[in-house]
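A look at the structure
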Amino acid sequence: MRCSRMFAPTLREMSTEAEMSSHRLLLRAGFIRQLAAGIYSFLPLGLLVLQHVTNIIRDEMNRAGAQELLLPALHPQELWAESGREATMQDILIKATDRRGTKFYLGPTHEEVITDLVRHNIRSYRDLPLNLYQIQMKYRDEPRPRGGLVRTREFLMKDAYSFHCDEASLDATYQKMIDTYKIIFRRCGLAITPVDASGGAIGGKETKEFMLLIKSGEDTVLVCPQCGYAANREIADNIPPCCGVPYEERSGMELGHVFKLRCAISEPLHATVTDENGAETPIVMGCYGIGVSRILAAVAEVNNDENGLIWPMSIALYHVYLLAANPTDQVQKDLADHIYNEQTAAGIDVLYDDRSERVGVKFKDADLIGVPLRLLVGRLAGQGICELHDRKTGVNVDVSGEQVVSEVSRSIANKLPYT
Ligand SMILES: [Zn+2]
């Protein structure tokens, strides 16, 4: 990609309204723009990161045996009445009405729609277990949108739903999803703490939240300083400290959630299968969510400095930011063009700054948008040498033109987390 053709409107000045650094930087670097309160457009750079996150999620969900589908965003009102959640979730439901006066809700979550699909298409225990997921926009009438992409009224989510004929099968998939989530977040460069939110011995629901422990998080997490066990407040208030020392209170941002629904949705919707004895039994369910657009905010929040964003290589918009110090110098320009073509052919994602700006302006933009590696073709171009700069460590190394592809490929591979 050439910078001269790129739609990435960066801002020099920043509004002081944005309280979180991720929000300020994503706006300033031209990744997102707000259309209305809690409603954002993803510009090309923002979408690139989002796509890299969704690629990792798809990769790991498919590896875990889940199948992707895509469900409608418009949900018939009767379906929400049937599950009983029209009343309990009324506050966040956004309504829509068609020309005939038929009422719909914009989907805030998809348990109803997917259970409706499964009840009409699955009859026997032999068809289970099943784990289905989608990556789609969700709509919730948040009273207080905040933090840019952290709390919005329209957001991208990965939601999975599993269907089982018994608890043991649900337990196995629930554990598989917890393991899969740990890999997904690690690949996105996030150190996530799984937080116990399950009723366990005190009864009730069983659920785990995947939290990023950061000061700007709006949830409270209680962490054992000895062993690292973490629980939400409701749970921590009801169990003794695990290692005999008091829990420490931390702030967290929730990025994922796994939940044993059991028959809470299938029973009201009469979603059943016949078991091996031929008896009708309600389908046992689990659901598993990841806030995809919120991951962008989370990664930006923990990976930045005074100059801008620093994307982890695994989800970075581009691998390399390439520029010639003086593009009017034919030797520099030829070497930069050559490197661009060679790297692109080698499958390296290069952003080539071919604008007629001063080199200082280009450096600032490269730092602001946070491309992990920068290649400068400068005064040593005559000797075929360019300078490779690491955005995170600030380390510079000289690389010869013949070795640039292998050297950059090696740097990229070194920056990818093991899976
Ligand atoms: Zn402990």
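Bear in mind that the values here come from a model prediction, so they are computed numbers and not experimental data.

**Thoughts on the environment of His338**
Following the sequence through the fold, His338 ends up in helix α9 (residues 330-345). Each C-alpha atom of the pair His338 and Gly401 lies 8.9 Å from the other, and the pair is 63 residues apart in sequence.

**Topic: the pairing of strand β19 (residues 320-324)**
A large share of β19 lies buried, amounting to five of its five residues. Residues Val320, Leu322 and Ala324 point to one face of β19 and Tyr321 and Leu323 to the other, with burial holding for every one of them. Where β19 meets strand β20 (residues 350-353), four bridges bridge the pair, whose relative direction is parallel. Residue pairing across strands places Tyr321 opposite Leu351, the latter belonging to β20. With α9 bridging β19 and its parallel neighbour β20, the resulting β-α-β unit is right-handed. As paired strands, β19 and strand β21 (residues 373-377) are joined by five bridges and run parallel to one another. Bridging across to β21, Leu322 finds its partner in Leu375.

**Observations concerning the domain arrangement of the protein chain**
Per the domain assignment, the segments of the protein chain are domain 1 (3-304) and domain 2 (318-414). The distance between the C-alpha centroids of domain 1 and domain 2 comes to 38 Å. Contact with domain 1, which involves seven residues of that partner, is made by eight residues of domain 2. Looking at the side of domain 1 that touches domain 2 residue by residue, the classes come out as four nonpolar, two polar and one charged.

**Notes on helix α1 (residues 21-28)**
Counted residue by residue, α1 has six buried out of eight residues, so it is predominantly covered. Against β1 (32-36), α2 (44-63), α8 (292-302), β17 (304-305), β18 (308-309) and α10 (359-369) lie the buried residues of α1. A positive phi of about 75° marks Gly30, the residue just after α1.

**A word on the environment of Cys386**
With respect to the helices, strands and loops of the structure, Cys386 is situated in strand β22 (residues 385-390). C-alpha separation for the pair Cys386 and Leu323, spaced 63 residues apart in sequence, amounts to 9.9 Å. Other than its neighbours up to four places away in sequence, Cys386 contacts Leu335, Ile339, Leu375, Leu376, Val377, Val399, Gly401 and Val404.

**Description of the nonpolar core**
By size, the foremost hydrophobic cluster in this structure holds 106 residues, and its most contacted members are Val320, Leu322 and Val371. Residue contributions to this core peak at eight residues, all from α2. Structurally, this core is a two-domain feature, drawing no fewer than three residues from each of domain 1 (3-304) and domain 2 (318-414). Contacts of Val371, omitting those with residues within four sequence positions, involve Ala316, Leu317, Tyr318, Val320, Tyr321, Leu351, Ala366 and Arg391.

**Description of the confidence of the model for the protein chain**
With 97% of its residues at a pLDDT of 70 or more, the protein chain shows a mean pLDDT of 93. Throughout residues 199-204 the model reports pLDDT below 50, and contacts reaching past four residues in sequence, or to other chains, amount to four contacts.

**What to know about the sheet that holds β22**
Consider a sheet: its strands pair through backbone hydrogen bonds, and that pairing is either parallel or antiparallel. One open sheet accounts for five strands, arranged β20-β19-β21-β22-β23; its pairing is mixed. The outermost strands of the open sheet, each flanked by one partner alone, are β20 and β23 (396-400). Strand after strand, the sheet turns through a mean of 25° between neighbouring axes, direction not considered. Against the sheet, α9 engages β19, β20, β21 and β22, with an angle of about 160° to β19. Its contacts with the sheet place helix α11 (residues 404-414) against β19, β21, β22 and β23, and it is angled at close to 5° to β22.

**Points about unusual backbone geometry**
Here the bond from Leu128 into Pro129 is cis, since omega is 0°, no more than 30 degrees from zero. Structurally, Pro129 is set in the loop between α5 (111-121) and β7 (130-139). The phi torsion at Arg262 lies on the positive side, around 55°, for a residue other than glycine. A tally of 18 C-beta atoms within 10 Å means that Arg262 is categorised as partly exposed. Look at His270: it is not a glycine, yet its phi comes out positive at around 50°. Structurally, the position occupied by His270 is in the loop between β13 (248-262) and β14 (272-274). For His270, a count of 12 C-beta atoms within 10 Å puts it in the exposed group.

Analysis parameters
- Residues numbered from 1 in each chain as written.
- Predicted model: local features only at pLDDT ≥ 70, side-chain atom pairs only at ≥ 80, totals over all residues.
- Helix = DSSP H or I, 4+ residues; strand = E, 2+ residues; numbered from the N terminus.
- Buried ≥ 20, exposed ≤ 12 C-beta atoms within 10 Å, placed from the backbone.
- Pairing = 2+ DSSP bridges.
- Right-handed = clockwise from strand over helix to strand, strands pointing away.
- Domains from an automatic or database assignment.
- Contact = placed C-beta atoms within 7 Å.
- Nonpolar A, V, L, I, M, F, W, Y, C, P; charged D, E, K, R; others polar.
- Core = buried A, V, L, I, M, F, W, Y, C linked by C-beta atoms within 7 Å.
- pLDDT = per-residue confidence, 0-100.
- Axes fitted to C-alpha atoms, helices over the stretch in contact; angles between N-to-C directions.

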